[in-house]
Amino acid sequence: MNTVIKVLSGFVAGAAIGTIAGIIIAPDKGRNTLKKIKEESKHLSDEIVGSLSNSLRALTHAYEDKEERKEYENGKLESTAHA
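The structure displayed is predicted, hence computed values, not measured ones.

Rules behind the numbers
- Residues numbered from 1 in each chain as written.
- Predicted model: local features only at pLDDT ≥ 70, side-chain atom pairs only at ≥ 80, totals over all residues.
- Heavy atoms only, no water.
- Helix = DSSP H or I, 4+ residues; strand = E, 2+ residues; numbered from the N terminus.
- Buried < 20%, exposed > 50% of the residue type's maximum accessible area, 1.4 Å probe, protein only.
- Expected span 1.5 Å × (residues − 1).
- Contact = heavy atoms within 4.5 Å.
- Axes fitted to C-alpha atoms, helices over the stretch in contact; angles between N-to-C directions.
- Parallel < 35°, antiparallel > 145°, perpendicular 65-115°, else oblique.
- Nonpolar A, V, L, I, M, F, W, Y, C, P; charged D, E, K, R; others polar.
- Salt bridge = Lys/Arg side-chain N within 4 Å of Asp/Glu carboxyl O.

Caption draft 1: The overall build of the protein chain, seen in detail. Looking only at helices and strands, the protein chain features two helices and zero strands. Buried positions account for 6% of the 83 residues belonging to the protein chain.

As structure tokens, then:
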């Protein structure tokens, strides 16, 4: 789980650095460059929020599955497979 967070963080940081470097290096007026940076920042933040949301959903699902298995193993939850 810790590895997933590191990989995701590295990807996001690399994407941000690459996007900003590309915009700054590209020849354009300062006003247009700032507009592009703002647009790309918004796009990148939307991607980050989406990725974090998906990761949180996956972690929540895995936790719920683990808790359900514990309850089943402890005899608190009846199996639907035997019914």
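That covers the picture; the talk isn't over yet.
Caption draft 2: A look at the environment of Glu47. Residue placement: Glu47 occurs in helix H2 (residues 30–73). The sequence separation of Glu47 and Val12 amounts to 35 residues, and the corresponding C-alpha distance is 8.8 Å.

Caption draft 3: A look at helix H1 (residues 2–25). Over its 24 residues, H1 extends 34 Å from the first C-alpha to the last, a length consistent with the 34 Å expected when each residue adds 1.5 Å. Considered for burial, the residues of H1 that qualify are Val12, Ala16 and Ile23.

Caption draft 4: View of the environment of Lys36. In this structure, Lys36 sits in helix H2. Taking the C-alpha atoms as reference, Lys36 lies 9.1 Å from Ile20; in sequence the two are 16 residues apart. Dropping the residues within four chain positions of it, Lys36 is found in contact with Ile23 and Asp28.

Caption draft 5: Just H2, in detail. Between its first and last C-alpha, H2 extends 64 Å over 44 residues, near the 64 Å set by a 1.5 Å rise per residue. A positive backbone phi angle near 80° is found at Gly75, which sits one or two residues after H2.

Caption draft 6: Quick peek at the packing of H1 against H2. Running from N to C, H1 and H2 point in directions that differ by 170°, and their axes come no closer than 10 Å. As the angle between them shows, H1 and H2 are arranged roughly antiparallel. Of H2, the residues touching H1 (which contributes Leu8, Val12, Ala15, Ala16, Thr19, Ile23 and Ile24) are Thr33, Lys36, Ile37, Glu40, Leu44, Ile48, Ser51, Leu52 and Ser55. Of the residues assigned to the contact of H1 with H2, the class counts are 10 nonpolar, four polar and two charged.

Caption draft 7: Geometry of the pattern of salt bridges. The tally for this structure, following the rule as stated, stands at one salt bridge. One salt bridge in this structure joins Lys42 and Asp46, with 3.1 Å as the shortest N-O distance. Highlighted residues: Lys42 and Asp46, both in helix H2, separated by four residues, approximately one helical turn. By relative accessible area, which is 52% here, Lys42 ends up exposed.

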